[in-house]
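Next come the chains, spelled out residue by residue.
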Amino acid sequence: MTPRGTGPYGAGDMREVVIGLLGAGNVGGGVARILQENQADIERRLGASVRVKKILVRNLERTRDATMPRALLTTDPREVLEDPEIRIVVELMGGIEPALTMILEALSRSKHVVTANKALMATHGKVLFAEAQRRGVAINFEAAVAGGIPILRALREGLASDRIERITGIVNGTCNYILDAMSRTGATYADALKDAQAAGFAEADPTLDVGGGDAAQKLSLLTLLAFGLRVDPAAIATEGITRVRSFDIAAADALGYVFKSLAEARQTPEGPALSVHPMLVPKEHILATVRGSYNAVLVESRAMGRSLYHGRGAGPMPTGMAVVSDIIELCRHIFAFDAGRPPPEAFSTIVEAVPRPTSDEAHENYLCVHVTNVPGILGRVASCLGRHEVSVKRLEQDLHGAGQAVDMVVVTERVPEARVRAAVAEIDGLDEVTGPTHRFRIREPDTIE
Ligand SMILES: NC(=O)c1ccc[n+]([C@@H]2O[C@H](COP(=O)([O-])OP(=O)(O)OC[C@H]3O[C@@H](n4cnc5c(N)ncnc54)[C@H](OP(=O)(O)O)[C@@H]3O)[C@@H](O)[C@H]2O)c1
């Protein structure tokens, strides 16, 4: 921190925190714009100014916004990492390497770190927290989950005194955009994906988003904040949205549900129950109203009850806003540290955890059984369900002629996962069944009203 010569409060009266950026792409551009456009507000709230001294990029020749002048750009990471004046390093490159090595280098030089990198934090958070703690600095990553929504801050601060029962997130904007488009327009999955790509809401290679991997990484970070447990995202039961068909969307609609990709975390005596699945959500439920590329996180906690955090989960400005808020928080730590107070210890007691198996989870199910319409087929499907003690709540069958293909929709009562899996395996073995049964979970009711 250095005194600044000029400022809205007169010469020499404004403290200054010097920062360096690693990366100046979508989010980096948003950060630079917010720091410039909101400079007066930030200075008023912080009582100090934030100055970007260096920005690491790959390509110096790329055209960039005027908020990132050529003179600040470098391709040499040492100009950011080794500059003693830089107190906060902001990593916005993405990926694991070289981001991991550079952040460790910054921490080892006692620089605070802000990152938006969920993949890195979910997979290497433990080593990064340990190094930060060893050096007496902090690492903030609000933008890594649900972009601009301050959910990590809400869990860490606003709800710090509460006992959290369950977290349910719509944390992948691409999935929500696609499922919402399929519901509203009747589009197929493939057409909705193309539309999402054209509108900039899906990557050219959307695998990490539509396959659920991105949501699993975010769920791992939510679990850390909510329960103090570190879970490997690869160990989370994860299912993407690619199996959801227009037929399922329409059948769910007729039954009073909408499809949402939900990332859920619950504490149970057997360990955390974690999952990422496309699920049927009752239309009147608050999560059913989350539209387009928006994100939302529903927290159920003992004292507060239900609280919903809703907003834009991606994009340069929402994500940039979350990053700059993290920078402002760290500036406050720096002022406290320079005044002789150590930074707060975060995540000093992380417990490694393994999610409990999903086979003993119980829930209602939507089944779509593909059969040839022959006499007695309904009874045979019902017998398979009955043998595994799967009770039927509703059954809908299109009235087609004899011998024609039929999609038989079954809603089951609440039943353990292992039993419904066994029943579906038996159904799929029937001679009249023409293809694997489509099965999706129905969201469990809220634990707290
Ligand atoms: N985009 C979003 O809406 C969003 C939302 C939440 C979180 N995030 C996270 O934010 C981070 C950044 O995302 P983004 O969309 O801003 O990415 P991006 O547009 O691809 O920008 C990456 C930036 O990093 C620089 N870079 C990459 N590798 C580098 C290397 N090896 N050496 C030097 N510079 C390097 C690039 O330089 P050049 O410009 O020279 O190519 C570019 O400026 C990721 O971790 C992402 O998951 C993004």
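Small disclaimer: the values here were computed from a predicted structure and weren't measured.

Side note on the side chain of Thr67
Right, on to step 1. One can find Thr67 in the loop between β3 (48-56) and β4 (73-74).
Right, on to step 2. The buried category is assigned to Thr67, whose relative accessible area is 14%.
Right, on to step 3. Separated by 2.7 Å, the side chains of Thr67 and Asp65 make a polar contact.
Right, on to step 4. The contacts of Thr67, once residues within four sequence positions are left out, are Gly29, Ala32, Arg33 and Gln36.

Topic: the environment of Arg312
Right, on to step 1. Among the secondary structure elements, Arg312 is positioned in strand β14 (residues 305-312).
Right, on to step 2. Between the C-alpha atoms of Arg312 and Ala296, which are 16 residues apart in sequence, the distance is 8.4 Å.
Right, on to step 3. Those residues within four positions of Arg312 in sequence are excluded, and the remaining contacts are Ala146, Gly147, Gly148, Ile149, Ser293, Tyr294 and Pro318.
Right, on to step 4. Side chain to side chain, Arg312 and Tyr294 meet in a polar contact 3.4 Å long.

What to know about the packing of aromatic side chains
Right, on to step 1. Scanning the model with the defined rule gives five aromatic pairs in all.
Right, on to step 2. Between Tyr177 and Phe201, the aromatic rings sit 4.8 Å apart at their centres with planes inclined by 35°, giving tilted as the arrangement. Of this pair, Tyr177 sits in helix α7 (residues 173-185) while Phe201 sits in the loop between α8 (189-198) and α9 (207-210); the two residues are 24 residues apart in sequence, bridging distant segments of the chain.
Right, on to step 3. Residue classification places Tyr177 among the buried positions, given a relative accessible area of 14%.
Right, on to step 4. With centroids separated by 5.1 Å and ring planes inclined at 90°, the aromatic side chains of Phe259 and Phe440 adopt a geometry described as edge-to-face. Pair noted here: Phe259 is in strand β11 (residues 257-268) and Phe440 is in strand β21 (residues 433-442), with a separation of 181 residues, a long-range link. Phe440 shares its class with Phe259; the two are buried.
Right, on to step 5. An aromatic cluster is defined as three or more aromatic residues linked by ring pairs; in this entry it consists of Phe259, Tyr366 and Phe440.
Right, on to step 6. For the cation-ring pair, Arg15 lies above Phe335, with the distance from its terminal atom to the ring centre recorded as 4.0 Å.

Quick look at the site of the ligand
Right, on to step 1. Around the ligand lies a shell of 22 residues, among which Ala24, Val27, Asn59, Arg62 and Gly315 are the nearest.
Right, on to step 2. Contact between the ligand and Ala24: an oxygen atom at 2.8 Å from a main-chain N or O atom of the residue.
Right, on to step 3. The separation between an oxygen atom of the ligand and a polar main-chain atom of Gly25 is 3.1 Å.
Right, on to step 4. When the free accessible area of the ligand is taken as 900 Å², the share hidden by the protein chains comes to 80%.
Right, on to step 5. Residues of the shell around the ligand, tallied by class, amount to 10 nonpolar, eight polar and four charged.

Describing the environment of Glu329
Right, on to step 1. Relative to the assigned elements, Glu329 resides in helix α12 (residues 316-338).
Right, on to step 2. As a C-alpha pair, Glu329 and Arg62 span 267 residues in sequence and 31 Å in three-dimensional space.
Right, on to step 3. The contact partners of Glu329, leaving out residues within four places of it in the chain, are Asn140, Arg153, Arg156 and Glu157.
Right, on to step 4. In this structure the side chain of Glu329 is engaged in a polar contact, spanning 2.8 Å, whose partner is the side chain of Arg153.

Cut-offs applied
Residues numbered from 1 in each chain as written. Predicted model: local features only at pLDDT ≥ 70, side-chain atom pairs only at ≥ 80, totals over all residues. Heavy atoms only, no water. Helix = DSSP H or I, 4+ residues; strand = E, 2+ residues; numbered from the N terminus. Buried < 20%, exposed > 50% of the residue type's maximum accessible area, 1.4 Å probe, protein only. Polar contact = N/O pair within 3.5 Å; in protein donor to acceptor, adjacent residues only side chain to side chain. Contact = heavy atoms within 4.5 Å. Phe/Tyr/Trp six-rings, centres within 6.5 Å; stacked < 30°, edge-to-face > 60°. Lys NZ or Arg CZ within 6 Å of the ring centre and 35° of its normal. Near = heavy atom within 4 Å. Areas by Shrake-Rupley, 256 points an atom, 1.4 Å probe, with all protein chains shown as cover. Nonpolar A, V, L, I, M, F, W, Y, C, P; charged D, E, K, R; others polar.

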